[in-house]
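Descriptive analysis of the structure
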Amino acid sequence: MTHPFLDLAPLTAAHFAGIERRVASLLSTEQDVVIMQGEALLPLEGCIRSGAVPGSTALNVITGPYGQTFGDWLRDCGVTVVDLAVPFHTAVTAAQVREALAEHPEIDFVSLVHAEAATGNTNPVAEIGEVVREHGALFYLDAVASIGAEPVLPDAWGVDMCVIGAQKAMGGPAGVSAVSVSERAWARFAANPAAPRRSYLSLLDWKARWIDGGRKALPHAPAQLEMLALEACIERIEAEGLDAVTARHARAAAATRAGALALGGGLEPYVYEAADAAPVATTLRSPAGVDASELVAKALAADPTLPLIAGGGALAKEMIRINHYGPDATQGVVHSSLAALGSALGGTGAAVDLESARRAVTDTWLNA
Ligand SMILES: *Cc1c(COP(=O)(O)O)cnc(C)c1O
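Just so it is clear, the model here is predicted, and its values are computed rather than measured. (Residues numbered from 1 in each chain as written. Predicted model: local features only at pLDDT ≥ 70, side-chain atom pairs only at ≥ 80, totals over all residues. Heavy atoms only, no water.)

1. Structural notes on the packing of helix H11 (residues 292-302) against helix H12 (residues 331-346)
Packing of H11 against H12 leaves a shortest axis separation of 8 Å and a crossing angle of 115°. Along this stretch, H11 crosses H12, giving a crossing that reads as right-handed. Judged by residue contacts, Leu295, Lys298 and Ala299 of H11 engage Ala340, Leu341, Ala344 and Leu345 from H12. Taken together, the residues of the contact of H11 with H12 sort by class into six nonpolar, no polar and one charged. (Axes fitted to C-alpha atoms, helices over the stretch in contact; angles between N-to-C directions. Helix = DSSP H or I, 4+ residues; strand = E, 2+ residues; numbered from the N terminus. Left-handed = near helix turned anticlockwise from the far one by under 90°. Contact = heavy atoms within 4.5 Å. Nonpolar A, V, L, I, M, F, W, Y, C, P; charged D, E, K, R; others polar.)

Okay, here's the thing in structure tokens:
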């Protein structure tokens, strides 16, 4: 008997190229798109090692844990790193980026995370892109947590390397990922003697062996199941409409925020301003004296299917994350997540108003 996962015809180069084109259209980009055969950390690291020239200076914006990782890679590449760190409860501003660039005119690479699922903030990439382009630096963007949840427009924003993954708001697989690469970025990679070549991290290999060869022959066997899953999730997004998908995430975030505020009991949005809050996931600050990971554990004991998690590392005691993304960006999931958190919080003796939370979610979902 043929097995649906195991007995597949090989994925052809034409099929692969077709999936690539659909990813490009998701990004509204005319740039080359490379679908890397691994989780998003592969293109994230590959782009830094390709674009960061030893002895150069980079601006690394830190609004969450991924920014920290990028800074480490850049330093590892022999780059002098200027870190611009902002508190996790806010977003970076274009003015802060402008100031950092003015202080260090030698900066020729800027790394930024668009939305941080881990901290719940989102950064104004369009405005920052203008500043970076004016300065002339190469602009690297991690859009893994924003793609599907809010607009991601590398061409309009002047992003030279825009990395996406399907595992968050796209509701797809984690095992393949993609990056759009501008002409400027290709030129920088080619001129960088330290850029990976003949390596799994190499983007230049994909250019030489796949793109420049007219996308006729794949450099190695593709991750076939993951490629098919990526295609399926793009088909699902196209059927719903990308705008409808992002609108659903915006509603989920707004409704969660409003519902948490109405719930009371000392629960507060972790990100102070709604405009800085990411549509992909909402972070909440647990009330004084209440351990966030214990609260989440209690809520999950009542319903283990809810997309709740405590903050990572040092944030585990104070941050609650509601991952209302992909198939979980629904009114039902927002209602149940807040109801479970509310009941758990009520169990600690806090005064919570489940009915107000419910009304706030319903009203906001309708009107957001
Ligand atoms: C989720 C995410 C990634 C991908 O990392 P995983 O933890 O392996 O899913 C990369 N960057 C950002 C900003 C993310 O939110």
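2. A look at the nonpolar core
One finds Leu59, Val97 and Leu230 to be the most contacted residues of the largest nonpolar core, which totals 82 residues. At seven residues, the largest contribution of residues to this core is made by helix H1 (residues 13-26). Other than its neighbours up to four places away in sequence, leucine 59 contacts Val82, Leu84, Val97, Ala100, Leu101, Ile107, Phe109, Val110 and Ser111. Core analysis: the next-biggest nonpolar cluster, separate from the first, contains 26 residues, Leu284, Val290, Ile322 and Leu341 among them. (Core = buried A, V, L, I, M, F, W, Y, C linked by side-chain atoms within 4.5 Å. Buried < 20%, exposed > 50% of the residue type's maximum accessible area, 1.4 Å probe, protein only.)

3. Some remarks on the sheet that holds strand E1 (residues 32-36)
The seven strands lie next to each other as E1-E9-E8-E7-E4-E2-E3, forming an open sheet whose pairing is mixed. Of all the strands in the sheet, just E1 and strand E3 (80-85) have a single pairing partner and so form its edges. Averaged over all pairs of adjacent strands, the angle between strand axes in this sheet comes to 20°, irrespective of strand direction. With five bridges connecting them, E1 and strand E9 (residues 177-181) associate as antiparallel partners. The residue of E9 that forms the bridge with valine 34 is valine 179. Packed on one face of the sheet, helix H7 (residues 183-191) meets E1, strand E4 (107-113), strand E7 (138-142), strand E8 (161-165) and E9 and runs near 95° to E9. (Pairing = 2+ DSSP bridges.)

4. Looking at the packing of aromatic side chains
Applying the stated criterion to the full structure yields six aromatic pairs. Both rings, one in phenylalanine 16 and one in tryptophan 206, keep their centres 5.9 Å apart while their planes meet at 10°; by these two values the pair is stacked. One end of the pair, phenylalanine 16, is in helix H1; the other, tryptophan 206, is in helix H8 (residues 203-211), with 190 residues separating them in the sequence. When its relative accessible area of 0% is taken as the criterion, phenylalanine 16 is described as buried. Taken together, a centroid distance of 5.3 Å and an interplanar angle of 80° make the contact between phenylalanine 16 and tryptophan 210 edge-to-face. Taken together, the residues span a long stretch of sequence, with phenylalanine 16 in helix H1 and tryptophan 210 in helix H8 at a distance of 194 residues. Taken together, the aromatic side chains of Phe70, Trp73, Phe109 and Tyr140 make up a single cluster linked through ring pairs. Positioned above the aromatic ring of tryptophan 186, the side-chain terminus of lysine 207 is 5.3 Å from the ring centre. Across the ring face of tyrosine 270, the terminal group of arginine 285 is positioned such that the distance to the ring centre comes to 4.3 Å. (Phe/Tyr/Trp six-rings, centres within 6.5 Å; stacked < 30°, edge-to-face > 60°. Lys NZ or Arg CZ within 6 Å of the ring centre and 35° of its normal.)

5. Structural notes on a nonpolar patch on the surface
Taken together, the side chains of Phe5, Leu6, Leu8 and Leu225 define a hydrophobic patch exposed on the protein surface, amounting to about 410 Å² of accessible area. Positionally, leucine 8 belongs in the segment before H1. (Patch = residues over 30% accessible without salt bridge, like charges linked within 9 Å, V, L, I, M, F, W, Y side chains within 5 Å. Areas by Shrake-Rupley, 256 points an atom, 1.4 Å probe, with all protein chains shown as cover. Salt bridge = Lys/Arg side-chain N within 4 Å of Asp/Glu carboxyl O.)

6. Here we look at the pairing of strand E11 (residues 282-285)
As paired elements, strand E10 (residues 268-269) and E11 share two bridges and run antiparallel to each other. What sits directly across from glutamate 268, in E11, is arginine 285. Alignment of E11 against strand E13 (residues 319-322), held across four bridges, turns out to be antiparallel. Bridged to arginine 285 within E13 is methionine 319.

7. Some details on helix H3 (residues 65-76)
Given 3.6 residues per helical turn, the α-helix brings residues three or four places apart onto the same face. Between its first and last C-alpha atoms H3 spans 17 Å; for 12 residues at 1.5 Å apiece the expected length is 16 Å, and the two agree. Of all the positions in H3, only Gly67, Phe70, Gly71, Trp73 and Leu74 are classed as buried. Down the axis of H3, the smallest arc covering the buried residues is 165°, so these residues share one side. Against the buried residues of H3 lie helix H2 (41-51), strand E2 (57-62), E3, E4, strand E5 (115-116) and E7. (Expected span 1.5 Å × (residues − 1). Arc of directions from axis to C-beta.)

8. What to know about the UniProt feature "modified residue: N6-(pyridoxal phosphate)lysine" (unreviewed entry) in the chain
UniProt tags Lys168 as "modified residue: N6-(pyridoxal phosphate)lysine" (unreviewed entry). Here lysine 168 is to be found in the loop between E8 and E9. Residue contacts for lysine 168: discarding those within four places in its chain leaves Ala117, Val144, Ala145, Val280, Tyr325 and Gly326. (UniProt positions renumbered as here; feature names shortened; annotations may be inferred.)

9. Some points on the UniProt feature "domain: Aminotransferase class V" (unreviewed entry) in the chain
UniProt's entry tags residues 75-272 with the feature "domain: Aminotransferase class V" (unreviewed entry), counted in the numbering of this structure. The span residues 75-272 carries 42% helix and 17% strand; its end-to-end C-alpha distance comes to 32 Å.

10. Some words on H11
Within the sequence span of H11, burial applies to Ala292, Leu295, Val296 and Ala299. For H11, the angular spread of buried residues about the axis comes to 95°, placing them on one side. Exposed and oriented more than 90 degrees from the buried face of H11 are Glu294 and Ala301. Looking at the packing, one finds that the buried side of H11 touches strand E12 (308-310), E13 and H12.

11. Some remarks on the domain arrangement of the chain
The extent of an interface is frequently quoted as the accessible surface area lost upon association of the parts. Domain annotation of the chain identifies domain 1 (13-239) and domain 2 (242-367). Taken over C-alpha atoms, the centre of domain 1 sits 29 Å from the centre of domain 2. Taken residue by residue, the interface counts 22 residues in domain 1 and 21 residues in domain 2. Buried surface at the junction of domain 1 and domain 2, summed over both partners, amounts to about 1,800 Å²; 65% is from carbon and sulfur atoms. (Domains from an automatic or database assignment. Buried area = accessible area lost by both parts, 1.4 Å probe.)

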